[in-house]
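Topology and contacts: notes
Below are the chains, spelled out letter by letter.
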Amino acid sequence: MGYNVAIDGPAGAGKSTIAKLVAKKKGYIYVDTGAMYRGLAIHFLKKKADPEDRQAVAEACRDAEVTIGYEDGVQQIYLNGENVTGMLRTEEVGNMASKTSAIPEVREKLLELQRSLAREKDVIMDGRDIGTNILPNADVKIYLTASVETRARRRYDELKEKGTDCSLDEIARDIRERDERDMTREIAPLKKAEDAILVDSSDMTIQQVVDEICGYCR
């Protein structure tokens, strides 16, 4: 059996950044479940599937195969054999992933891949429902959060650094809407597992968050 660390939390809380650094420090395999949903979202966008049409999305799942690979220890996402890692972080893909990830057929498509990785390897996995649904028996569960203002500012700075024109107010609004969607969805909503440790990174540096989480892990 693998040793499993689950990190849940809202959009923009820094889950992926922190999980990658903890994985590197501890020698775990990092599994970015959000990236897997984004991989499927690219497929839905290519098929021009309406995210509000559950049946269309479910049908689009049939000819999509999302797999994980690792290059120099970095996770790569493949969609039907094509490496789509470089396309995952656009706003369009993120919004499609957020809207479609609540659909049962989408979740079922990825669930067994995620669980089989956790059974076989020492993994750290981040997402919205890792500790509550995907790995309910994880050895360590973390709920990583930060204020909407902090998360919006981080995303704004990240986009500006890439030369992307954006509005701080619009990003904050998007984050609030995504929080609402993630927390109220019918299937596996975002919530803190009862046995999860709350880590609020609003006033913490990345290194402080990494050190705190590493302290809870073997």
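Cut-off values and rules
- Residues numbered from 1 in each chain as written.
- Predicted model: local features only at pLDDT ≥ 70, side-chain atom pairs only at ≥ 80, totals over all residues.
- Heavy atoms only, no water.
- Helix = DSSP H or I, 4+ residues; strand = E, 2+ residues; numbered from the N terminus.
- Buried < 20%, exposed > 50% of the residue type's maximum accessible area, 1.4 Å probe, protein only.
- Pairing = 2+ DSSP bridges.
- Contact = heavy atoms within 4.5 Å.
- Axes fitted to C-alpha atoms, helices over the stretch in contact; angles between N-to-C directions.

This part covers unusual backbone geometry. Here Lys-48, not a glycine, exhibits a phi torsion of approximately 55°, which is positive. Among the secondary structure elements, Lys-48 is positioned in the loop between helix H2 (33–46) and helix H3 (54–61). Note on Lys-48: relative accessible area 73%, which makes it exposed.

Further remarks concern the sheet that holds strand E4 (residues 74–79). An order of E3-E4-E5 is seen for the three strands of this open sheet, with the pairing classed as antiparallel. Each edge of the sheet is formed by a strand with only one pairing partner; in this case those strands are strand E3 (66–71) and strand E5 (82–83). The pairing of E3 with E4 spans six bridges and is classified as antiparallel. Bridging across to E4, Gly-69 finds its partner in Gln-76. Helix-sheet contacts for H2 involve E3, E4 and E5, and the interaxial angle to E4 is about 25°.

This paragraph deals with the sheet that holds strand E8 (residues 197–200). Here five strands make up an open sheet; going across it, the order is E2-E6-E1-E7-E8 and the pairing parallel. Edge strands, defined here as strands with exactly one partner in the open sheet, are strand E2 (29–32) and E8. Here the average twist between neighbouring strands, direction ignored, is 20°. Sheet analysis places strand E1 (residues 4–8) next to strand E6 (residues 123–127), joined by five bridges and oriented parallel. Paired with Asp-8 across the two strands is Gly-127, which belongs to E6. Its contacts with the sheet place helix H9 (residues 206–216) against E1, strand E7 (140–145) and E8, and it is angled at close to 160° to E7.

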